[in-house]
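# Report on the structure
The lines below spell out each chain.
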Amino acid sequence: MLDIHSHILPGVDDGSKSMEMTKNILSRYVEEGISAVMCTPHQSAQLRRSAVLRERFALFKEEVSSYPVDFYLGSEIYYYDGMLADLKSGELLTLNDTSYVLVEFSTRAELANIPDAVYELSLAGYKPIVAHVERYDYLEKSSYEEIISNGGMLQVNSSSFGKKEHLGLLKRLLKRDMISFIASDAHSDGRRNVDFSAARKFIAKKFPALVQKFFGDNNIFASQT
Ligand SMILES: [Fe+2]
């Protein structure tokens, strides 16, 4: 299984603070049987530093080479006007240098038009994955479909399966098989550690036909290394 959203690259954002913390998180990955992790540090209009992230990732990979996990570098980009231009110029990272991009949005409706942004990115040849789509409570029922028909994919956080307020939406999206990835969005070895238990339990009980899709061989980047 691939975890497509994780802040384990140490010391570069609000995620893992140190290599020690990252190693603690990695032992959770091993316990969960997760064999591939996309490192997705935050990028935004103010914080791009792709060259630095590439350097840090190269050093990181050497330090964790003994773990039975494949690591990839990507990022989680906070959408902004001009994001597309910065993607094209290489100032922002895509996922493992493919056309996939992990993109997050404001939680304030007036600052984000997710379906339009997805359309803009898709039209330019990118494959946008909307990070933790359950967080944008201003989205209307039809918006999720619009995101997908505009060329986007939906990612939800594993921790949201343990939160009652998200279960209605998650169920509705799962029923129509609209979610592409369940990811940890891990930030620390504490409260925001890797934990797929609630998600695994929920999917196994309510949507057993989707267990393989989310927790089986879902590594779309495997052939690209
Ligand atoms: Fe994140």
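Below is a short write-up of the structure.

Definitions and cut-offs
- Residues numbered from 1 in each chain as written.
- Predicted model: local features only at pLDDT ≥ 70, side-chain atom pairs only at ≥ 80, totals over all residues.
- Heavy atoms only, no water.
- Salt bridge = Lys/Arg side-chain N within 4 Å of Asp/Glu carboxyl O.
- Helix = DSSP H or I, 4+ residues; strand = E, 2+ residues; numbered from the N terminus.
- Buried < 20%, exposed > 50% of the residue type's maximum accessible area, 1.4 Å probe, protein only.
- Axes fitted to C-alpha atoms, helices over the stretch in contact; angles between N-to-C directions.
- Parallel < 35°, antiparallel > 145°, perpendicular 65-115°, else oblique.
- Left-handed = near helix turned anticlockwise from the far one by under 90°.
- Contact = heavy atoms within 4.5 Å.
- Patch = residues over 30% accessible without salt bridge, like charges linked within 9 Å, V, L, I, M, F, W, Y side chains within 5 Å.
- Areas by Shrake-Rupley, 256 points an atom, 1.4 Å probe, with all protein chains shown as cover.
- Lys, Arg positive; Asp, Glu negative; His and termini not counted.
- Charge placed at Lys NZ, Arg CZ, Asp CG, Glu CD.
- Polar contact = N/O pair within 3.5 Å; in protein donor to acceptor, adjacent residues only side chain to side chain.
- Pairing = 2+ DSSP bridges.
- Right-handed = clockwise from strand over helix to strand, strands pointing away.

To continue, consider the pattern of salt bridges. This model, assessed by the stated rule, comprises 11 salt bridges. With a closest N to O distance of 2.9 Å, R200 and E32 form a salt bridge. Taken as a pair, R200 in helix α7 (residues 197–206) and E32 in helix α1 (residues 19–32) lie far apart in primary sequence, 168 residues in all. Look at R200 and you get partly exposed, because its relative accessible area is 27%. For D86, the salt bridge identified is with R48, shortest N-O distance 3.0 Å. In this pair, D86 is assigned in helix α3 (residues 83–88) and R48 in the loop between β3 (42–43) and α2 (50–63), connecting sequence segments 38 residues apart. When its relative accessible area of 13% is taken as the criterion, D86 is described as buried.

Two elements in contact, helix α6 (residues 164–175) and α7, have axes separated by 12 Å at closest approach and are oriented at 50 degrees. On the basis of the axis angle, α6 is oblique to α7. Here the hand of the crossing between α6 and α7 comes out right-handed. Residues L167, K171 and L174 of α6 touch α7, and the partners they reach there are F202, I203 and K206.

For the rest of this paragraph, the subject is a positive patch on the surface. Among the surface-exposed residues, K171, K175, K201, K205 and K206 lie close enough to one another that they form a single positively charged patch. Broken down by secondary-structure element, the contributors of at least two residues to the positive patch are α6 and α7. Ranked by residue count, the leading element in the positive patch is α7, at 3 residues. Mapped onto the elements of the fold, K201 is located in helix α7. On the accessibility criterion, K201 (66% relative accessible area) is exposed.

Take the environment of S188 next. Along the chain, S188 falls in the loop between β9 (181–183) and α7. For S188 and N24, which are 164 residues apart along the polypeptide, the C-alpha to C-alpha distance reads 8.6 Å. Those residues in contact with S188 that sit more than four places away from it in its chain are M21, I25 and N193. A polar atom in the side chain of S188 sits 3.0 Å from the backbone nitrogen of G190.

The subject of this paragraph is the pairing of strand β1 (residues 2–6). The buried fraction of β1 is high, at 5 of 5 residues. When β1 meets strand β2 (residues 36–39), the two strands line up parallel, connected through 3 bridges. If you follow L2 over to β2, its bridge partner there is A36. Handedness of the crossover joining β1 and β2 through α1 is recorded here as right-handed.

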